[in-house]
Amino acid sequence: MRDLAYRIAPVVSTLPAASVAIAGVVVRLSTDNKPYWCDGAAWFDLTQPGGNDTRLSTVRLAADVTNSAVTLADVAGLFLALAANSTYAVEAKVMFQTAATTTGIRLTQTVPTGATVLAQWNTPTSLTASTLANQRAADAGAASTAIDTANANTLASGSLLVITGATAGNLQIRFASEVAASNAVVKAGSNLVATKVA
C-alpha cells in the first residue's frame with residue numbers, strides 16, 4: 001500500500017519515462033511549473049480539464065436552440081465524435097425551458113450506424129417530480145408532460161452507455177416540444193462529458 005501522507009511534489013527538469021513502477025507519482029516540471037501525474041502508462045497535466053486524459057471528451061452548448069415542433073430535431077452544437085469499436089460512458093446535463101406550464105420536452109439521442117445505446121433521461125416537471133425515460137435505442141423515449149413554471153431554467157440529466165461498431169460518428173442530442181407550436185428551448189451551457197472506457 002502506498003504512503004498517502006501529504007508530501008511536496010518533487011521538481012524535475014524532464015518527465016521520466018512512464019512505467020508501472022511510478023504509477024500514482026505526482027511531480028512538478030521545472031520548465032513550466034505545472035504538476036503532472038503518472039498513471040503507469042502516461043503523464044497527465046493536472047492543470048488541464050480532465051488532466052489532459054485523452055479518454056475524456058467534453059462539449060458545451062454555445063447558444064440556445066429552440067424547437068416548437070413535436071418532431072425531433074438536433075440540438076445543434078451538442079454532440080461528441082465517437083471512435084469506431086469503442087465503449088463510452090456519457091453524462092448529459094441539459095438546461096431547458098418550455099413556453100407554457102402545459103408543455104413538456106422530449107430528450108433523446110442519435111448514435112453512429114451500428115452502435116448500441118442505452119440511456120436514462122431524468123426530466124423534471126417541478127422541483128419535486130420528474131419524468132424518467134429509459135431508452136434502448138436512438139430517438140426513443142417519452143416526453144415529459146408539463147412543467148411547474150413556464151420559461152424557467154430547469155436541469156434534465158441523462159446517463160448514456162454507447163458501444164460503437166465498425167462505424168465512427170457522432171453522439172447527437174435531440175429534442176422536441178411535447179406540444180406543437182409551443183417552444184421548448186435547450187439553453188446555452190448544456191453539456192456532455194464522455195469517458196472512453198474501452
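Refer to the structure above for everything that follows.
Residues numbered from 1 in each chain as written. Predicted model: local features only at pLDDT ≥ 70, side-chain atom pairs only at ≥ 80, totals over all residues. Heavy atoms only, no water.

Novice: Please explain the environment of G77 as it appears in this structure.
Specialist: The topology assignment puts G77 in strand 7 (residues 73-82). Given a relative accessible area of 33%, G77 falls into the partly exposed group. Remark: the alpha-carbon pair of G77 and V59, spanning 18 residues in sequence, is separated by 8.2 Å. Not counting chain neighbours up to four residues away, the residues in contact with G77 comprise V59 and L61. (Helix = DSSP H or I, 4+ residues; strand = E, 2+ residues; numbered from the N terminus. Buried < 20%, exposed > 50% of the residue type's maximum accessible area, 1.4 Å probe, protein only. Contact = heavy atoms within 4.5 Å.)

Novice: What is the right way to look at the sheet that holds strand 7 in this model?
Specialist: Strand order in this open sheet of three strands is 7-13-9, and the pairing throughout is antiparallel. This sheet does not close on itself; its edge strands, each paired only once, are strand 7 and strand 9 (105-110). Pairs of neighbouring strands in the sheet enclose a mean axial angle of 20°, with direction left out of account. Where strand 7 lies against strand 13 (residues 169-177), six bridges are found, and the strand directions are antiparallel. If you follow D74 over to strand 13, its bridge partner there is R174. (Pairing = 2+ DSSP bridges. Axes fitted to C-alpha atoms, helices over the stretch in contact; angles between N-to-C directions.)

Novice: When you look at the pairing of strand 11 (residues 130-135) in this model, what are you seeing that I'm missing?
Specialist: When a strand is regular, its side chains alternate between the sheet's two faces. By the alternation rule, side chains of strand 11 split into T131, A133 and Q135, which are all buried, and S130, L132 and N134, of which none is buried. Relative to strand 11, strand 10 (residues 116-124) runs antiparallel, the two sharing six bridges. Within the sheet, the bridge partner assigned to Q120 lies in strand 11 and is N134.

The values reported here are purely geometric and, on their own, carry no functional implication.
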